[in-house]
Amino acid sequence: MNYRHAFHAGNFADVLKHTVLLALIEALEAKPTPFAYIDTHAGSGCYALDGREAGKTGEYKDGIHRLLFPDMGATDAASASLPPLLRRWLDGILALPGNEDGLKLYPGSPLQAARALREGDSAQLCELHPEEASRLRELFQRDARVHVHHRNGYEALKGLVPPKEKRGLVLIDPPYEAQETEYRLIEQALKGAIERWPTGVYAVWYPIKLRSQVQPFLRGLQHGIARRVLRAELLVHPDDSPLRLNGSGMVVLNAPWNLDQTLREPLRAMARLLGQGEPAEWKLDWLANDSAEATTPPPPSRRPPPRSARPR
């Protein structure tokens with residue numbers, strides 16, 4: 001309950017998470033039938049990058065701010081521009097009212113999703129912290145498509161799936177204050193939700209400090225509740241220190257067809273633009289995949305060779 005996303009809004013982890021979120025929403029919108037977006041840990045919805053919290057950490061400067069100038073340090077014309085998905089995502093942020101004169105506000109997952117929804121789609125937003133829930137309700141008070149629940153998202157999920165639309169996306173993005181305990185809560189929530197709604201798409205964001213902390217959760221997804229699980233990770237530091245956020249990842253259960261192809265170039269661009277000290281490492285692979293039409297993934301880790309080893 002002490003976590004405030006305002007301190008971290010727009011950081012490198014948000015860039016990954018929200019680019020994947022946009023890719024998932026665009027995949028759902030490929031069909032004309034309505035869908036539901038369900039957010040179990042919605043936060044307050046929008047954050048001031050020039051406010052006290054974001055100003056104290058400045059994490060957005062090593063995140064979304066770097067995407068504003070993709071040509072800096074580029075070695076060729078291709079790397080001087082953003083991949084189309086990343087470009088659409090950034091343009092959507094800059095089009096937010098309040099950002100007319102520059103990047104001042106960063107919308108959280110619920111606001112980014114709501115701005116992408118169509119007229120017949122719906123959103124169910126859960127937030128347990130009373131102040132955050134109050135701000136969230138105020139933000140969406142005039143949007144009939146959006147429903148705010150001041151509840152524990154894991155508990156609320158039991159009553160929210162399956163949604164009346166019968167298709168859609170659940171985002172699970174907790175603060176991980178409970179560390180390893182959080183993964184058990186996620187596993188329980190996913191198991192129950194998939195039993196009730198086996199065709200839903202489920203996206204889980206996770207932090208990476210020590211690889212050993214997240215590995216049991218990822219191994220469990222390889223042999224269990226969903227037959228198609230895609231992993232996307234971005235590491236800006238080696239995953240060997242518990243004292244900082246070294247990277248983050250998204251796993252997508254029941255991932256839409258071709259999602260891996262959609263995310264490959266954006267991840268490669270993030271690695272180039274968001275590396276701290278040296279280019280970041282990225283992973284994009286299938287933890288589980290029984291789909292005959294899926295393509296063979298590339299090697300899971302991509303880190304450019306040391307500068308001295310690169311061809312001249």
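Scoring rules and cut-offs
Residues numbered from 1 in each chain as written. Predicted model: local features only at pLDDT ≥ 70, side-chain atom pairs only at ≥ 80, totals over all residues. Heavy atoms only, no water. Core = buried A, V, L, I, M, F, W, Y, C linked by side-chain atoms within 4.5 Å. Buried < 20%, exposed > 50% of the residue type's maximum accessible area, 1.4 Å probe, protein only. Helix = DSSP H or I, 4+ residues; strand = E, 2+ residues; numbered from the N terminus. Phe/Tyr/Trp six-rings, centres within 6.5 Å; stacked < 30°, edge-to-face > 60°. Lys NZ or Arg CZ within 6 Å of the ring centre and 35° of its normal. Pairing = 2+ DSSP bridges. Axes fitted to C-alpha atoms, helices over the stretch in contact; angles between N-to-C directions. Salt bridge = Lys/Arg side-chain N within 4 Å of Asp/Glu carboxyl O. Parallel < 35°, antiparallel > 145°, perpendicular 65-115°, else oblique. Left-handed = near helix turned anticlockwise from the far one by under 90°. Contact = heavy atoms within 4.5 Å. Nonpolar A, V, L, I, M, F, W, Y, C, P; charged D, E, K, R; others polar.

(A) The nonpolar core, seen in detail. One finds Trp89, Val251 and Leu263 to be the most contacted residues of the largest nonpolar core, which totals 97 residues. When residues of this core are assigned to their parent elements, the largest contribution, 11 residues, is made by helix α1 (residues 12-28).

(B) Layout of the packing of aromatic side chains. Applying the stated criterion across every chain, the model contains 5 aromatic pairs. Ring plane angle 50 degrees and centroid distance 5.3 Å describe the contact between Tyr176 and Tyr183, whose orientation is recorded as tilted. Chaining the aromatic ring pairs together yields one cluster made of Tyr176, Tyr183, Trp205 and Phe217. Between Lys17 and the ring centre of Trp205, over which it is positioned, the NZ or CZ distance is 5.2 Å.

(C) Region of the structure containing the sheet that holds strand β4 (residues 122-126). Spatial ordering of the open sheet is given by β5-β4-β1-β6-β7-β9-β8-β10, a layout of 8 strands whose pairing is mixed. This sheet does not close on itself; its edge strands, each paired only once, are β5 (146-149) and β10 (281-289). For this sheet, the mean angle separating the axes of adjacent strands, direction not counted, is 15 degrees. Pairing between strand β6 (residues 168-172) and strand β7 (residues 201-208): 4 bridges, direction parallel.

(D) Expanded view of the pattern of salt bridges. Under the defined criterion, the tally for this structure stands at 19 salt bridges. Put simply, Asp14 and Lys17 hold a salt bridge, and the shortest N to O gap is 3.3 Å. Here Lys17 and Asp14 lie together in helix α1, a separation of 3 residues that amounts to about one turn. Each member of the pair, Asp14 as well as Lys17, is classed as buried. Close ionic contact of Glu132 with Arg135 constitutes a salt bridge, the shortest N to O distance being 3.4 Å. One end of the pair is Glu132 and the other is Arg135, both in helix α6 (residues 130-139) and 3 residues apart, which spans about a single turn. Judged by relative accessible area, Arg135 falls into the partly exposed class, the value being 45%. Ionic contacts of the salt-bridge type, sharing partners, join the residues Arg211, Arg231, Glu233, Asp239 and Asp285 into one network.

(E) The packing of helix α8 (residues 180-196) against helix α9 (residues 211-222), seen in detail. Running from amino to carboxyl end, α8 crosses α9 at an angle of 15 degrees, the nearest separation of the two axes being 10 Å. Judged by the angle between their axes, α8 and α9 are roughly parallel. Of the two possible hands of crossing, α8 and α9 adopt the one that is right-handed. Here Glu180, Tyr183, Ile186 and Glu187 of α8 lie close against α9, whose contacting residues are Gln213, Val214 and Phe217. Split into classes, the residues belonging to the contact of α8 with α9 amount to 4 nonpolar, 1 polar and 2 charged.

(F) Up close: the pairing of strand β1 (residues 36-39). Side chains Ala36 and Ile38 project from β1 onto one buried face, and the interleaved Tyr37 and Asp39 project onto a second face that is buried too. With 4 bridges connecting them, β1 and β4 associate as parallel partners. By the bridge assignment, Ala36 is partnered in β4 with Ser122.

(G) Here's a closer look at the environment of Leu24. Structurally, Leu24 can be placed in helix α1. Setting aside anything within four residues of it in sequence, one finds Leu24 in contact with Leu169, Val201, Ala203, Val252, Pro256 and Leu259.

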